[in-house]
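Reading the structure
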Amino acid sequence: MAVQTNTRVLLSKVRGLLQFIQKRHRVKTKWAATSPKLSATDLALQNHDAMYNMQLGELWPSVRVSLLTERKYGALVNNFSCDDTATYLQSLGCQDFIASSVHMEGSKSADSVIPPNSESLQFDQPIEGTYTDLTRASISPNVKCFVFPKGDISRFKPARPDSCGYLSCYLMDAASVLPVLALNVQKGQSVLDLCAAPGGKTLALLQTQAIRFLWANDWSGSRMSRLQRTLKSCLPSDLCSEDNLCITSLDGRKWQEVGENTFDKVLVDVPCTTDRHSLVEEDNNIFSRSRTKEKQSLPLLQTQLLLSALQAVRIGGEVMYSTCTLSQLQNQCVVEQAMSLAKEELGISAEVVDLQPFTTLFQETFYFAPGINVGVMVLPHLTANFGPIYFCKLRRLS
């Protein structure tokens, strides 16, 4: 009986103590399961706000709004189609920005289309040894890309097969055509597209109708299937023969095992954080937590791919490096690092091409960020929502 009494007393004391102990000290909250999780797009926006607000200054708010707005596609005309696509697109009120830019007389000063407060941008000093080789006459007349006028929110309908079974055009960000134009492929040259998928730039290269042989490569198997579908839907079978076109899925970082000092031109459109996609699409988003290490290793991968491109191009040939991100770490820094490593470790010297004469041709269509001395950056803008696209042209000297 005494034992039972003592037990009751003890339990009553314990209950009294529990009344004064807050619940959070008695029960451990499983915060990892109960705390709200940020989506990949939210993480991307946080990253962009922190990085680009510092990089772009007062320009960032307007660029931010543009990135969060639906992009404005251009229609790359397929020259191998049986339809008169150009006439049809003109009837919609569209304009071939390439032809109109190249033939425009008395181009305005580049400063007239630079967004306000551009003096807030700060970039690195020019790399020593730049040169200029692009003129109005060097732009390929065969590449045609139509866009709706500034401020026109119309969108192109998906292209359908023509009477020959080919798509009449390919919808892509119009700014993505600029690296292909700036590469300036000449008649009879061989070209390597090191990171070709999903195929927009590859198709634009073939529209020049100047390439003797094109090697299209991409390491990703899933992306390669998209590339093959794109080319099959737009190109005649004879153009896809082994004598004209080679499609492979090799590790672009190890291209020296395939061949060095081979191609006249190399396009290396590297994997990047794809700023616009990462803000609006959860699917395959580089900012998802499962891809954190992959995102962190991007600058290294980009540098390795650019080094491979410099090895693949012949002496005197040219390499075009491009991304679709605003990140300096993935743009100018990669170019500088690759040029330094190429010289120190591979004995390859290269120089940067001055693309200012090229950008002057297209200043009425695109907004080029001022102050960038290592390459060109197209800034998104609401009136003509293209980009972001970065590209830098290198010429191998030794």
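Located above this text is the structure these notes cover.
Right, let's walk through the structure included here.

About the cut-offs
- Residues numbered from 1 in each chain as written.
- Predicted model: local features only at pLDDT ≥ 70, side-chain atom pairs only at ≥ 80, totals over all residues.
- Heavy atoms only, no water.
- Helix = DSSP H or I, 4+ residues; strand = E, 2+ residues; numbered from the N terminus.
- Contact = heavy atoms within 4.5 Å.
- Areas by Shrake-Rupley, 256 points an atom, 1.4 Å probe, with all protein chains shown as cover.
- Salt bridge = Lys/Arg side-chain N within 4 Å of Asp/Glu carboxyl O.
- Buried < 20%, exposed > 50% of the residue type's maximum accessible area, 1.4 Å probe, protein only.
- Pairing = 2+ DSSP bridges.
- Axes fitted to C-alpha atoms, helices over the stretch in contact; angles between N-to-C directions.
- Parallel < 35°, antiparallel > 145°, perpendicular 65-115°, else oblique.
- Left-handed = near helix turned anticlockwise from the far one by under 90°.
- Disulfide = S-S within 2.5 Å.
- Expected span 1.5 Å × (residues − 1).
- Arc of directions from axis to C-beta.
- Polar contact = N/O pair within 3.5 Å; in protein donor to acceptor, adjacent residues only side chain to side chain.
- Core = buried A, V, L, I, M, F, W, Y, C linked by side-chain atoms within 4.5 Å.

Helix and strand counts for the protein come out as 15 helices and 13 strands. Pairs at least 24 apart in sequence give 80% of the contacts found in the protein among residues at least 6 apart. Carbon and sulfur atoms provide 53% of the accessible area of the protein, an area that totals close to 19,700 Å².

Below, the discussion takes up the pattern of salt bridges. Scanning the model with the defined rule gives eleven salt bridges in all. Asp218 is the partner of Arg223 in a salt bridge, and the nearest nitrogen-oxygen pair spans 3.9 Å. Across the pair Glu351 and Arg395 runs a salt bridge whose closest N-O atoms are separated by 3.5 Å. Of the two residues, Glu351 is situated in strand β10 (residues 350–352) and Arg395 in strand β13 (residues 389–396); the sequence distance between them amounts to 44 residues.

Turning to the pairing of strand β4 (residues 169–173), a few remarks are in order. β4 sits mainly inside the fold: four of its five residues count as buried. Two strands pair when backbone bridges link them, and strand β1 (residues 73–77) and β4 are joined in this way by five bridges, in the antiparallel orientation. Across the sheet, residue Tyr73 finds its bridge partner in β4, namely Asp173.

What follows covers the packing of helix α13 (residues 298–312) against helix α14 (residues 332–345). Their axes nearest at 9 Å, the elements α13 and α14 cross at an angle of 50 degrees. Taken together, α13 and α14 sit at an angle that is classed as oblique. Classified by chirality, the crossing of α14 by α13 is right-handed. Every residue of α14 that contacts α13 at Pro299, Gln302, Thr303, Leu306, Leu307 and Leu310 is listed here: Val334, Val335, Gln337, Ala338, Leu341 and Ala342.

Moving on: the state of the cysteines. In total, this model carries one disulfide according to the counting rule given. Distance from the sulfur of Cys169, which forms no disulfide, to the nearest cysteine sulfur (Cys234) is 8.6 Å. With relative accessibility at 8%, the residue Cys169 sits in the buried group. Unpaired in terms of disulfides, Cys324 finds its nearest cysteine sulfur in Cys272, a separation of 3.4 Å.

A separate point is helix α10 (residues 221–234). Between its first and last C-alpha atoms α10 spans 20 Å; for 14 residues at 1.5 Å apiece the expected length is 20 Å, and the two agree. Listed as buried for α10 are Met224, Leu227, Thr230, Leu231 and Cys234. Along α10, the residues classed as buried sweep out an arc of 120 degrees about the axis, all on the same side. Facing away from the buried surface of α10 by more than 90 degrees, the exposed residues are Ser222, Arg229 and Lys232. The N-cap of α10, judged by a side-chain oxygen 3.3 Å from the amide nitrogen of Arg223 a few residues on, is Ser220.

Counting 52 residues, the largest nonpolar core has Leu178, Phe366 and Phe391 as the members making the most contacts within it. Per-element tally for this core: the top contributor is helix α8 (residues 177–183), with six residues.

This part takes up the pairing of strand β12 (residues 376–379). Neither face of β12 is open: one carries Val376 and Val378, the other Met377 and Leu379, and all of them are buried. In this structure, strand β11 (residues 367–368) lies alongside β12, joined through two bridges in antiparallel fashion. In the sheet register, Tyr367 faces β12, and the bridge partner there is Leu379.

Moving on to the side chain of Lys265. Structurally, Lys265 is set in strand β8 (residues 263–269). The class for Lys265 is buried, based on a relative accessible area of 6%. Separated by 2.4 Å, the side chains of Lys265 and Glu318 make a polar contact. With residues near it in sequence (within four places) discarded, Lys265 still touches Leu183, Asn184, Val185, Gln189, Ser190, Val191, Leu192, Val313, Glu318 and Lys393.

Sheet strands pair by backbone hydrogen bonding; their relative direction is either parallel or antiparallel. The strand order across the open sheet formed by four strands is β2-β3-β1-β4, and the pairing between neighbours is antiparallel. Lying at the two open borders of the sheet, with one neighbouring strand each, are β2 (95–96) and β4. In this structure, β1 lies alongside strand β3 (residues 145–147), joined through two bridges in antiparallel fashion. Directly across from Ala75, in β3, lies its bridge partner Phe146.

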